[in-house]
Amino acid sequence: QKMPPSLPATINIREPRWDQSTFQGRAKHFFMVTDPRNLLLSGAALEEARRVVEDYRAGIVHPGLTEEQLWRAKYIYDSAFHPDTGEKMILVGRMSAQVPMNMTITGCMLTFYRTTPAVLFWQWVNQSFNAIVNYTNRSGDAPITPSQLGTAYVSATTGAVVTALGLKSLTKHLPAIIGRYVPFAAVAAANCINIPLMRQRELKMGIPVTDENGNRLGESTAAAQKAIFQVVVSRIGMAAPAMAIPPVIMNMLEKRAFLKRYPYLNAPLQVSLVGLCLVFATPLCCALFPQKSSMPVSSLEPEVQDQVRKKDPWLETVYFNKGL
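Remember, it's a predicted structure, so these values are computed and weren't measured experimentally. (Residues numbered from 1 in each chain as written. Predicted model: local features only at pLDDT ≥ 70, side-chain atom pairs only at ≥ 80, totals over all residues. Heavy atoms only, no water.)

Chemist: Got a minute to help me understand a nonpolar patch on the surface in this structure?
Modeler: A grouping of Phe23, Phe229, Val233 and Leu288 is seen on the molecular surface, where their side chains present a nonpolar patch of about 360 Å² in accessible area. Tracing the backbone shows valine 233 in helix H10 (residues 221-253). (Patch = residues over 30% accessible without salt bridge, like charges linked within 9 Å, V, L, I, M, F, W, Y side chains within 5 Å. Areas by Shrake-Rupley, 256 points an atom, 1.4 Å probe, with all protein chains shown as cover. Salt bridge = Lys/Arg side-chain N within 4 Å of Asp/Glu carboxyl O. Helix = DSSP H or I, 4+ residues; strand = E, 2+ residues; numbered from the N terminus.)

This is the structure we're talking about:
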């Protein structure tokens, strides 16, 4: 029996499998990255994927390795290990945990929005989860101090709770459907606070910028600002369908006899509807901007431009990992 031909060592697995200059290519990539089934993989499976990927990058091709197996290993590796630091990411902070975690938290925020203690509790849970996600998926390889983490966490949680309670009091005399959108407004506001705060070190010190081949050219705060803006837009977009569509459906269902007869089905129904929205919204909104984002050298800070010009006088575009 003939052995299959050895896989060439020239496949570029540092980049995604699909063309990232198109939305379709980015969407295919993120459907793989956010696949919740990756959470079920054992530590041994993750380490095996890491071994295959790191060996292949070093020019070592395992006998019998197929291209499909290589790409599968790459996506398992990407789902669990940080692209800049190479460290294994916190389980609930991984993008593959976004759908199951967010469907539970968002479903409960939309279900239990009527009382102040419930609003306080679920906004706190949501911001605690967001803080873990934002830290886990930060850009760059510089550490963040415990005091910075604490400040970001407290500020974001306070901002979300104050927004939620303020809007809740304003909507008391408005139709019930308006009250259902308070959690979304609070989440959108909190994202605008939480993400920049959790990544404040990037805004102060900059994030690594590279040429097209990944050669590091310096650290730029302008790139950090662009990266964080893109992530905020993606996160708000990610939350929008899950927090905008289910309230309309639930508002109609609650007027029907079925839910009046079985009120305990309210929360499971809400969570299921949110989950259905998030399965599509999460990868599609991650795909709004390329993961390997870019900007003209002329848009960098003057001192960073000088650094880049010294290394490559003709370079016009730099690249950076925007985070997720």
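Chemist: What should I look at first to understand the pattern of salt bridges in this one?
Modeler: Opposite charge on two side chains allows them to pair when their charged atoms are near. Taken as a whole and judged by the stated rule, the model has nine salt bridges. Between arginine 37 and aspartate 35 there is a salt bridge, with the nearest N and O atoms lying 2.7 Å from each other. Given the relative accessible area of 15%, aspartate 35 is considered buried. The salt bridge partner of glutamate 48 is arginine 51, with a shortest N-O separation of 3.0 Å. Note that glutamate 48 and arginine 51 are positioned in helix H2 (residues 43-57) at a spacing of three residues, about one turn of the helix. Residue glutamate 48 is classed as partly exposed on the basis of its relative accessible area of 35%. (Buried < 20%, exposed > 50% of the residue type's maximum accessible area, 1.4 Å probe, protein only.)

Chemist: How should I be thinking about the packing of helix H5 (residues 116-136) against helix H6 (residues 146-170) in this particular structure?
Modeler: Working note: a packed helix pair is described by the angle between its axes plus the distance between those axes. Following both chains from N to C, one finds H5 and H6 inclined at 145°, their axes separated by 9 Å at the closest point. Judged by the twist between their axes, the crossing of H5 over H6 is right-handed. Between H5 and H6, the residues in contact are Thr116, Val119, Leu120, Gln123, Trp124, Gln127, Ser128, Ala131 and Tyr135 and Leu149, Tyr153, Ala156, Thr157, Ala160, Val161, Ala164, Leu165 and Lys168, respectively. A class-by-class count of the residues in the contact of H5 with H6 yields twelve nonpolar, five polar and one charged. (Axes fitted to C-alpha atoms, helices over the stretch in contact; angles between N-to-C directions. Left-handed = near helix turned anticlockwise from the far one by under 90°. Contact = heavy atoms within 4.5 Å. Nonpolar A, V, L, I, M, F, W, Y, C, P; charged D, E, K, R; others polar.)

Chemist: Please explain the domain arrangement of the protein as it appears in this structure.
Modeler: Many analyses report the size of an interface as the accessible area lost when the parts associate. Considered domain by domain, the protein is made up of domain 1 (23-88) and domain 2 (95-321). Relative to domain 2, the C-alpha centre of domain 1 lies at a distance of 25 Å. Taken residue by residue, the interface counts 17 residues in domain 1 and 23 residues in domain 2. Carbon and sulfur atoms make up 66% of the area that domain 1 and domain 2 hide from each other, which totals about 1600 Å². When residues of domain 1 are sorted by the area they lose upon contact with domain 2, Arg26, Phe30 and Thr34 head the list and together hold 32% of the total. (Domains from an automatic or database assignment. Buried area = accessible area lost by both parts, 1.4 Å probe.)

Chemist: Would you take a moment to explain the side chain of glutamine 98 for this structure?
Modeler: Mapping glutamine 98 onto the fold places it in helix H4 (residues 98-111). What glutamine 98 contacts, discounting residues up to four positions off in sequence, is Met103, Phe129, Val133, Met238 and Thr282.

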